[in-house]
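One-letter residues, chain by chain:
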Amino acid sequence: DAGVTQSPTHLIKTRGQQVTLRCSPKSGHDTVSWYQQALGQGPQFIFQYYEEEERQRGNFPDRFSGHQFPNYSSELNVNALLLGDSALYLCASSPPADLGRGGYTFGSGTRLTVV
Amino acid sequence: AQSVTQLDSQVPVFEEAPVELRCNYSSSVSVYLFWYVQYPNQGLQLLLKYLSGSTLVKGINGFEAEFNKSQTSFHLRKPSVHISDTAEYFCAVGSMNTGFQKLVFGTGTRLLVSP
């Protein structure tokens, strides 16, 4: 049973460019959350998608946007990249009615480097 | 808003010795508490969680943690560590304020186990 799949695993972009990261949730999961983990820091919540809608959002600017598709997969888009956007981006999926009870499965992340 | 403090950025310990990783949280409402482990170049794996009930929680790989509401702590312990326990450990909290959907993480504690 495949867990959470993220692509690509590594990415290098130039300041000002745009990037799209992709996430396929674990089978049977319907909710996808995205986290940003800067070097030496804990993950920070970006937003969560459920039923193709953004359900919650953390303290991230509008340059960060997302989408969830009918098959529950998700994309994270970042526009006008800044050097400070360099980080490991983690996707986590959770099953129906988990209600935050720790059913998250995390992917291995996408390492984004902005130069 | 809730926050998580992991008091030790790094904990060196010898193999087969006991270890305690400290975590304090700040929240004015009911919380769920979690410990995750992150191995190099991997995502987060859930070690254990406290939702309600018994304050002593047992997890995978011989780890346990105790929820102390009066001290707002959730320290992680293992009576005898192995070399393979070397990893980054994150304490996280979900709170009623955000419908328990969003996790707030600490900055992590690197456990270094040496022979």
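Preceding this section is the structure that the text describes.
I will try to describe carefully the structure that is included in this document.

When its secondary structure is counted, chain A shows zero helices and 11 strands. Reading chain A from its N terminus to its C terminus gives the helix and strand order β-β-β-β-β-β-β-β-β-β-β. Its C-alpha atoms give chain A a radius of gyration of 13 Å, within 12% of the compact-globule value 13 Å for 115 residues. With respect to the three principal axes, the spread of C-alpha positions in chain A is 40 × 25 × 25 Å. A total of 115 residues make up chain A; the buried ones form 50% of that total. Taking contacts inside chain A between residues at least 6 apart in sequence as the whole, the part at least 24 apart equals 54%. Carbon and sulfur atoms make up 49% of the accessible area of chain A, which amounts to about 5400 Å² in all. Charge-centre separation for chain A: the mean point of 9 positive side chains lies 10 Å from the mean point of 10 negative side chains.

Let us now look at the state of the cysteines. A complete count under the given rule lists two disulfides over all chains for this structure. Sulfur-sulfur distance for the disulfide between Cys23 of chain A and Cys91 of chain A comes to 1.8 Å. Across the disulfide from Cys23 of chain A to Cys91 of chain A, rotation about the S-S bond amounts to roughly -60°, and the bridge is consequently left-handed. Placement of the pair is Cys23 of chain A in strand β3 (residues 19-24) and Cys91 of chain A in strand β9 (residues 87-94), with a sequence separation of 68 residues. A relative accessible area of 2% places Cys23 of chain A in the buried class. Here Cys91 of chain A falls in the buried class, since its relative accessible area comes to 0%. Each disulfide pairs two cysteine sulfurs, and for Cys23 of chain B the partner residue is Cys91 of chain B, the sulfurs being separated by 2.0 Å. On the sign convention where negative is left-handed, the bridge of Cys23 of chain B and Cys91 of chain B, at about -65° about the S-S bond, is left-handed.

All names here are of chain A. A cis geometry characterises the amide bond from Ser7 onward to Pro8, with omega recorded as -10°. The residue Pro8 is located in the loop between β1 (5-7) and β2 (10-13) in this model. With a phi angle near 80°, Tyr72 is a residue other than glycine that sits in the positive phi range. With respect to the helices, strands and loops of the structure, Tyr72 is situated in the loop between β7 (64-68) and β8 (74-78).

Calculation criteria
Residues numbered from 1 in each chain as written. Chains lettered and ligands numbered in written order. Predicted model: local features only at pLDDT ≥ 70, side-chain atom pairs only at ≥ 80, totals over all residues. Heavy atoms only, no water. Helix = DSSP H or I, 4+ residues; strand = E, 2+ residues; numbered from the N terminus. Rg over C-alpha atoms; globule rule 2.2 N^0.38 Å. Buried < 20%, exposed > 50% of the residue type's maximum accessible area, 1.4 Å probe, protein only. Contact = heavy atoms within 4.5 Å. Areas by Shrake-Rupley, 256 points an atom, 1.4 Å probe, with all protein chains shown as cover. Lys, Arg positive; Asp, Glu negative; His and termini not counted. Charge placed at Lys NZ, Arg CZ, Asp CG, Glu CD. Disulfide = S-S within 2.5 Å.

Interpretation in functional terms is not warranted from these geometric data alone.
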